[in-house]
Amino acid sequence: NAGVTQTPKFRILKIGQSMTLQCTQDMNHNYMYWYRQDPGMGLKLIYYSVGAGITDKGEVPNGYNVSRSTTEDFPLRLELAAPSQTSVYFCASSSPSNTGELFFGEGSRLTVL
Amino acid sequence: AQSVTQLDSQVPVFEEAPVELRCNYSSSVSVYLFWYVQYPNQGLQLLLKYLSGSTLVESINGFEAEFNKSQTSFHLRKPSVHISDTAEYFCAVSDFSGGGADGLTFGKGTHLIIQP
């Protein structure tokens, strides 16, 4: 069971570059999420999706975009990378039967220089 | 909207000593409550959760948490810690009404440091 898989695990970007963080899950979960984790700040929700074709903003969406064309995949796009986007990004998934419990990937560490 | 406050950013304890990690939440609706653990350079794993019923919930590795509605708290305890418990612990809340669709609200985390 792969669960939630994120790629890449590490990436260094220059200011102004673009990239996509990939996330895929094999649990047939309807719900998927992107969080960012910064030291001492906990996890903040960037975007989430309740099903294919449906996405919604979380607490900190600025500078990011998402799409959900399939149940399995939920990529996160950074269009113009800024140093403030240096963080660890976590993808998670869930379903109504999980009563709120999230299943997390192992994270993607992004540094913007 | 809900919020979570973890009162201690770091808790150092000696091995085999008891520990309590504090968590308070605020919400205008009924909630589900969770504790997640994050070991170094890993993702978050569910430690335990409270959905309904008995206010005391336990994990398989000796942790327990008690839901206290009047004090809006969900403190995590372990009677005797081991060096392998060194990790970051996150308290999180989800409200009933959305069925969990809009994700969890997390506290800022507590770093549990076990000293030999």
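Preceding block: the structure.
Residues numbered from 1 in each chain as written. Chains lettered and ligands numbered in written order. Predicted model: local features only at pLDDT ≥ 70, side-chain atom pairs only at ≥ 80, totals over all residues. Heavy atoms only, no water.

S.K.: Would you mind showing me how to read the nonpolar core here?
M.R.: Within soluble globular proteins, side chains that are nonpolar generally end up buried alongside one another. Counting 27 residues, the largest nonpolar core has Trp35(B), Leu48(B), Phe74(B), Leu76(B) and Tyr89(B) as the members making the most contacts within it. If we skip the residues at most four places from it in the chain, Phe74(B) touches Cys23(B), Leu33(B), Phe34(B), Trp35(B), Leu48(B), Lys49(B), Tyr50(B), Val57(B), Ala65(B), Glu66(B) and Phe67(B). If you look at the next biggest cluster of nonpolar residues, it comprises 20 residues, including Tyr48(A), Phe104(A), Tyr32(B) and Phe34(B). (Core = buried A, V, L, I, M, F, W, Y, C linked by side-chain atoms within 4.5 Å. Buried < 20%, exposed > 50% of the residue type's maximum accessible area, 1.4 Å probe, protein only. Contact = heavy atoms within 4.5 Å.)

S.K.: Explanation requested: the side chain of Lys78(B) in the structure shown.
M.R.: Residues and elements named next belong to chain B. With respect to the helices, strands and loops of the structure, Lys78 is situated in strand E9 (residues 73–78). Under the relative-accessibility criterion, Lys78 is labelled buried at 11%. A distance of 2.9 Å separates the side chain of Lys78 from the side chain of Asp85, its partner in a polar contact. Once you skip the residues sitting within four places of it in the chain, Lys78 turns out to touch Ala17, Pro18, Val19, Asn61, Gly62, Phe63 and Asp85. (Helix = DSSP H or I, 4+ residues; strand = E, 2+ residues; numbered from the N terminus. Polar contact = N/O pair within 3.5 Å; in protein donor to acceptor, adjacent residues only side chain to side chain.)

S.K.: How do you make sense of the environment of Tyr39(B) when you look at a structure like this?
M.R.: All names here are of chain B. Mapped onto the fold, Tyr39 is located in the loop between strand E5 (31–38) and strand E6 (44–50). Taking the C-alpha atoms as reference points, Tyr39 and Asp85, 46 residues apart in sequence, are found 8.5 Å from one another. With residues near it in sequence (within four places) discarded, Tyr39 still touches Gln45, Asn61, Ser84, Thr86 and Ala87.

S.K.: Explain the interface of chain A and chain B to me, please; I cannot follow it from the model alone.
M.R.: Accessible area lost upon the coming together of the parts is a frequently used measure of interface size. Counting residues at the interface gives 22 residues for chain A and 22 residues for chain B. Together chain A and chain B conceal approximately 1600 Å² of surface at their shared face, both sides included; 56% is due to carbon and sulfur atoms. At the boundary of chain A and chain B, one finds one salt bridge. Here Glu101(A) makes a salt bridge to Lys49(B), at a shortest N to O gap of 3.0 Å. Summed over the shared surface of chain A and chain B, the number is four residue pairs in polar contact (both at pLDDT 80 or more). Listed by contribution, the elements that provide at least two residues to the side of chain A that touches chain B are strand E4 (31–38) and strand E5 (42–51) of chain A. (Buried area = accessible area lost by both parts, 1.4 Å probe. Salt bridge = Lys/Arg side-chain N within 4 Å of Asp/Glu carboxyl O.)

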